[in-house]
Structures are given as C-alpha cells and as structure tokens.
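# What the coordinates show
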Amino acid sequence: MNDSEFKHTVLDRLSSSFCAAKWYNATIWLGSGMTTSCHHPPAHRVDIDKVTTNPRLLHNTDQKKQDRRKMLAGERPAGCEYCWKIEDMGRDAVSDRVYKSKIYPIEALHDAFNTAPDTDVNLRTLEIAFDRTCQFACSYCNPAFSTTWANDIKRNGPYQDLVSDGRNHFTHTHDSAQQFKITESNPYIDAFFAWWETDLHRTLTELRITGGEPLMSAHTWRLVDWFRDNRGRSSTRLAINSNLGTDVDINRLLASTQGMAIDLYTSNESISTQAEYIRDGLVWDDWANNVERLLDSGQFRGIHVMATINALCLSTLDQLLECIMNWKLEYGRDAISFTLNILRFPSFQSPLVLPEHTCTVYRQRLITWLAHWADSEFIHEHEVNHTQRLIDYLDVVKTPHSEAFDRDKLLNDFKQFYTQYDQRRDKDFGAAFPELKEWYDAIPV
C-alpha cells in the first residue's frame, strides 16, 4: 500500500497520533546523556544513575512513556509538533510518523499499541552519537553537535544581538553536550556497549551511528570492528552518517567495511558555492567525488543524502536533486536516495523567513523539477512525497513552529547571524546568494 493508505488504514486505526518510533526507535547522544524518539522532538536527559543498572533506560525514559500514553489515547505529544504541522496542512500530506512506523511489521505496531506504556520495550532501530567531534561548523548546526562550532564560540565569543527562539544555539559552547573527556570513561557509552553485548545486537534491525562526524570517533571504529569480527552473530544492519568531507578517511572506511554491505548517510541540500557557505568546512568537489567513490565501490547497500531544508538551500536545491537523479541513472535507483527534512530550529533559518514572492519562485522550480521526474522508474515514492510536501509547506505553512511568530525578530536574527557568520568564517552572503542580496541588504538591524 502507498504511504497515504498506510496512514489511514493502519496508523490512524490504532490512534490518530500513533507513531511506532516512540516504542521502537531512539536517537541517543551518549556524550551528553540525552535521548529522543527521532530527530524532531526536543531531546531530554537519561538518568545516569538508573542506566548503569538498567541499560534499557537509555531508551525507555519517563518522558517517552508519558508520550506513549498520550498516543494510545489519540492525544498529540507537544514535542512531535513537526508531524502535526505537516498533517494539519491538509492535502493528505504525509508526515514522518508514517515513514517512522512503516519500516516495522504491522504486527509490531499492534504489539506496541497493546503494550502497557510503562513497559521497557526493546528497540528495533537506534541512532547513536558517541561524541560531538566534527571538522564542520554548518550554519544551522551548533556547538552541541560540533567541536568546530564550540571552538568558534570559544575563540570569538557568543553571537550578539540575537532575540528569537534560536538565540541560545549560538551563545555558549554547550559543554554539557560532552560531559566526559574523550580520554575518560563515559557511563552512557559503557551502558550502551553493555546493552549491545547482552541483547541489543539480537533485537535491533538497524544501528545507525551519527555525530559529530562519526568517522572521527574511535568508538565508531570499535563497532565497525565488532561487526567485522563477529560476522553472523548479529543480523543488525549497520549504517553510518558522514559528512564525507575532505578530512574523512574514505580509504579506511572502504577497507574496514568490505563485505559488510552497510548504509551510508550523508548531508547536503545545495551545490557548489551555496553548499560551501551553508555547510562551513565542505568542499563541494571533494564531497561529490567521495560520493562517487562510494558508489563506484559497489559495497554499500545504499548512499542516502539527507537535505536539511533551510532558507539558503532553496536556490540550488533543484540542482542538487538533479545531480542525485543523474547518479541514479548511472548507478541504479536504489544506489542513492534523498530525503528532504524541513528545518524548524533555529527558526530564523527556516525557509519561511524568505519573502513570499521568493518562496513562490523556489516552489515553482520544485514543481517543475518534480513534474519532470515524478513518473520516472528511478525515483522512490518517499522522494516524490518529500518533494511534494515541501512544495505544499512553502505554500501553506506560515510559521516554522507554534512559538515562532514574530517575523521582525526572525529577520533581525537572520541578518545579525549571517553578518557575524561572514566575519567569523571569512564568507560573503551576497556573493554566495546574489538573488537574495537585495532583500538581505534591506533588512534593518
């Protein structure tokens, strides 16, 4: 069945707010001891005292159990607003709770629905980050996820005169994101490996490592080595996120994973100068060449490009999608894919900050692009749906999230942030985005 049919005939028959991710999926930042059910809700802390005796509490927190109880009753947890905003657009828009539930067997969804919300359930899919070490400092990221970002704040001080909801992202070094030094024992990491060795390697269908930049963490290579040395002991699929930057050791990745058929997730949402501006540290040609090296190797189940849709990427997003489709034509439909994830925080970087006429221009480019590719055998259903929901989002939604409503504050922060970003990173907004320059220069601060 298609995604819309799955929502109406499977998910909504359980409850109008049911999402299997609350039971079976988790993202856990082991450096900070924070967790969430997917990348949309705000993260919350794992009890460090409890997790040392019960590693399952890395996932089964009191907050998640409260959210499960609400979903069973058809109530909407506030932290899941991303999906509610998509669904409330109408137009039968498909939110991420569909994609994050559809990956599990229908029996598993019924099992979750019939399980008491306080039960410590076994994960089926898990995304973990060991630390925040990263050589990039992307504009929409922050020091909690990048040591390079933290070093920017240490060296230059906090970003000044930000007044909207996103200001705290850029005002301090987020030292709580890395509670333990790389050389120290981390009880959260110890709990994870204890859980992994006992039964997690038996219950997980997919383990995905994120960061920071995971390929710069020794713990990532420890897990890769475990999979290589214990072939046949676990049926868990291994996936690794990587920015595929110039400094990433592609040779080691290819050598260490030979014969393992892992998935590789990488991020980009624009091309060339625009990509290098947004994702500070990226060299576009090196990224594209690294993607092609991985595709040429033929040893990955799939390369997945994750696009974070922000105000600056829309000028060349259609060109990036065209590049991905050309790779599909050369290497096959399933060799590479994309997802379009709409940024909400910090809200001053949301595409909705742009003038309405500019959004209309970018929206029309996507409509034209999708009309060309929608019926191609090389495009996946979710890729069509992600593109269509972005087209609808740019037309219908007016605020990034329920608390972001003061446009003057958002515009102030947009101008203040990128002015200081240019100074700190030796960049030039107007040169990178000439079609936005007149509007940008006119923003008062």
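I will try to describe carefully the structure that is included in this document.

Rules and cut-offs
Residues numbered from 1 in each chain as written. Predicted model: local features only at pLDDT ≥ 70, side-chain atom pairs only at ≥ 80, totals over all residues. Heavy atoms only, no water. Salt bridge = Lys/Arg side-chain N within 4 Å of Asp/Glu carboxyl O. Helix = DSSP H or I, 4+ residues; strand = E, 2+ residues; numbered from the N terminus. Buried < 20%, exposed > 50% of the residue type's maximum accessible area, 1.4 Å probe, protein only. Pairing = 2+ DSSP bridges. Polar contact = N/O pair within 3.5 Å; in protein donor to acceptor, adjacent residues only side chain to side chain. Contact = heavy atoms within 4.5 Å. Phe/Tyr/Trp six-rings, centres within 6.5 Å; stacked < 30°, edge-to-face > 60°. Expected span 1.5 Å × (residues − 1). Arc of directions from axis to C-beta. Disulfide = S-S within 2.5 Å. Axes fitted to C-alpha atoms, helices over the stretch in contact; angles between N-to-C directions. Parallel < 35°, antiparallel > 145°, perpendicular 65-115°, else oblique. Nonpolar A, V, L, I, M, F, W, Y, C, P; charged D, E, K, R; others polar.

## Regarding the pattern of salt bridges
Tallied over the entire structure, the rule returns 27 salt bridges. Across the pair D199 and R56 runs a salt bridge whose closest N-O atoms are separated by 3.3 Å. Within this pair, whereas D199 is found in helix α9 (residues 187–203), its partner R56 is found in the loop between α3 (48–51) and α4 (62–72), the two being separated by 143 residues in sequence. Between K427 and D280 there is a salt bridge; the shortest N-O distance is 3.1 Å. A residue pair is termed long-range when its members are at least 10 positions apart, and K427 in the loop between α17 (407–425) and α18 (429–432) and D280 in the loop between α12 (272–278) and α13 (284–297) qualify at 147 residues. Judged by its relative accessible area of 22%, K427 falls in the partly exposed class. Taken together, the shared-partner salt bridges in this structure form one network comprising D152, D280, R424, R425 and K427.

## Re unusual backbone geometry
That bond from G211 to G212 is cis: its omega, 10°, falls within 30 degrees of zero. Even without being glycine, H174 reaches a positive phi, approximately 50°. Considering the arrangement of structural elements, one finds H174 in the loop between α8 (147–156) and α9. One non-glycine residue, L244, lies in the positive phi region at around 55°.

## A look at the environment of T358
Residue placement: T358 occurs in helix α15 (residues 356–373). Sequence separation of T358 and L436 is 78 residues, and the distance between their C-alpha atoms is 8.6 Å.

## So, the sheet that holds strand β2 (residues 34–36)
Taking strand neighbours across the sheet as the criterion, the nine strands line up as β3-β2-β1-β4-β5-β6-β7-β8-β9 in an open arrangement whose pairing is mixed. For this open sheet the edge positions go to β3 (44–45) and β9 (336–342), each flanked by a neighbour on one side alone. Sheet topology places strand β8 (residues 300–309) next to β9; seven bridges connect them, and they run parallel. Each residue of the ladder has a partner; that of I303, found in β9, is I336.

## Concerning the side chain of S4
Locating S4 in the fold gives a position in helix α1 (residues 3–14). A relative accessible area of 17% means that S4 is categorised as buried. Within polar-contact distance, the side chain of S4 engages the side chain of D92 at 2.4 Å. Once residues within four sequence positions are removed from consideration, S4 is found in contact with D92 and V94.

## Looking at the environment of A194
For A194, the location among the structural elements is in helix α9. Note: C-alpha distance between A194 and T52 (142 residues apart in sequence) is 9.3 Å.

## Digging into the packing of aromatic side chains
Under the counting rule described, the total for this entry stands at 36 aromatic pairs. For the pair W149 and F170, a centre-to-centre distance of 5.2 Å together with 40° between the ring planes defines the contact as tilted. Taken together, the residues W149 in helix α8 and F170 in the loop between α8 and α9 connect sequence positions 21 residues apart. Residue F170 is classed as buried on the basis of its relative accessible area, which comes to 0%.

## Notes on α1
Structurally, the α-helix is built with 3.6 residues per turn, so residues lying three or four positions apart point the same way. An ideal rise of 1.5 Å per residue puts 16 Å on 12 residues; α1 measures up with 16 Å between its terminal C-alpha atoms. Listed as buried for α1 are D3, S4, F6, K7, V10, L11 and L14. Looking straight down α1, one finds that the buried residues subtend no more than 165° of arc, so they occupy a single side. Contact partners of the buried residues in α1: α5 (81–87), α6 (96–102), α7 (106–113) and α16 (381–396). The residue sitting at the N-terminus of α1 and contributing the capping side-chain oxygen is N2; that oxygen lies 3.1 Å from the backbone nitrogen of S4.

## Some points on the state of the cysteines
All chains considered together, the criterion is met by zero disulfides. Looking at C80, it has no disulfide partner, and the nearest cysteine sulfur is the one in C38, 6.6 Å off. Note on C134: no disulfide assigned, nearest cysteine sulfur contributed by C138 at a separation of 6.5 Å.

## What to know about the packing of α8 against α17
At their nearest, the axes of α8 and α17 sit 12 Å apart, and the two run at 90° to each other. In terms of their interaxial angle, α8 and α17 are classed as roughly perpendicular. Across the interface between the two elements, W149, D152, I153 and N156 of α8 pack against F417, R424 and R425 of α17. The residue makeup of the contact of α8 with α17, split by class, is three nonpolar, one polar and three charged.

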